[in-house]
Amino acid sequence: MSEDATPRMHATTILMVRKGGRVVIGGDGQVSLGQTVVKGNARKVRRLSKGGVIGGFAGSTADAFTLFERLEGKLEQYPGQLTRACVELTKDWRTDRYLRRLEAMMLVADKEVGLLLSGAGDVLEPENGIMAIGSGGNYALAAARALADSELDAEAIVRRSLNIAAEICVYTNANIVIETLDEA
């Protein structure tokens, strides 16, 4: 099978919402290879830096784990400075021959800031406290923005938005994992 004919791994909707003194990152559990669901309960959201940072990834699992490990190292090098750690990681991601081949995107947050990281060199902070990545990211993002002014708290917005994305996106399921941090 030629490289172009290799089935592509599709997966994931990751959503971050900051509201009411909390930041929440949630993600679905589906991993698809081509047109086949190969796993329905993957854990793509986790805690980093001794629980002080939460993150979620979309893309290749092995690549995302490599990036999470590198981010942990940067957080140890720059304790309490999530933005600086992310900028340094992204610099490495763009310039290192090995890292620049990694195919993943990440959402990470601490009590003060939430960021999107990409291999294109992006370190982006959302204007309105809401950001999403992955196959169903745009669906979840639209749902979360629509729910942001409601009485729902951040976790409820993430859950509802991910369920909406799962109803629309064939690469997203309703097996949701949530991590939460209370702001300082």
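Further up the page is the structure itself.
Residues numbered from 1 in each chain as written. Predicted model: local features only at pLDDT ≥ 70, side-chain atom pairs only at ≥ 80, totals over all residues. Heavy atoms only, no water.

**Q** Any chance you could break down the environment of R18 for me, citing the residues and the numbers?
**A** Position of R18 among the secondary structure elements: in strand 2 (residues 13–19). Distance in space between the C-alpha atoms of R18 and I157 is 9.9 Å, their sequence separation being 139 residues. Apart from residues lying up to four places away in sequence, R18 is in contact with V23, A109, D110, K111, E112, V113, G114, G129 and E183. Here D110 takes part through its backbone oxygen, which lies 3.0 Å from a polar atom of the side chain of R18. A distance of 3.1 Å separates a polar side-chain atom of R18 from the backbone oxygen of V113. (Helix = DSSP H or I, 4+ residues; strand = E, 2+ residues; numbered from the N terminus. Contact = heavy atoms within 4.5 Å. Polar contact = N/O pair within 3.5 Å; in protein donor to acceptor, adjacent residues only side chain to side chain.)

**Q** Outline the sheet that holds strand 8 (residues 104–109), supporting the account with residue identities and numerical values.
**A** Sheet architecture is open: five strands sit in the order 6-7-8-9-10, paired in antiparallel fashion. Looking at which strands have only one partner, the edges of the open sheet turn out to be strand 6 (45–48) and strand 10 (123–124). For strand 8 and strand 9 (residues 114–118), the ladder comprises five bridges, and the chain directions are antiparallel. Following the sheet pairing, M105 is matched in strand 9 by S118. Relative to strand 7 (residues 53–59), helix 1 (residues 61–77) is tilted by about 150 degrees, and along the sheet it contacts strand 6, strand 7 and strand 8. In this fold helix 2 (residues 82–95) packs onto strand 7, strand 8, strand 9 and strand 10, with an angle of close to 5 degrees to the strand it touches most, strand 9. (Pairing = 2+ DSSP bridges. Axes fitted to C-alpha atoms, helices over the stretch in contact; angles between N-to-C directions.)

**Q** Break down the sheet that holds strand 2 for me, with residues and values.
**A** Taken in spatial order, the four strands of this open sheet run 11-2-3-12, and their pairing is antiparallel. Either end of the sheet is taken by a strand with one partner, and the two such strands are strand 11 (130–134) and strand 12 (177–182). Averaged over all pairs of adjacent strands, the angle between their axes in this sheet comes to 10 degrees, without regard to strand direction. Here strand 2 pairs with strand 3 (residues 22–27) via six bridges, running antiparallel. Bridging from a neighbouring strand, L15 pairs with G26 of strand 3. Of the strands in this sheet, strand 2 and strand 11 touch helix 3 (residues 137–147), which is tilted by about 165 degrees from strand 11. This element, helix 4 (residues 154–168), spans strand 2, strand 3 and strand 12 of the sheet and lies at about 155 degrees to strand 2.

All we've got here are geometric facts, nothing functional implied.
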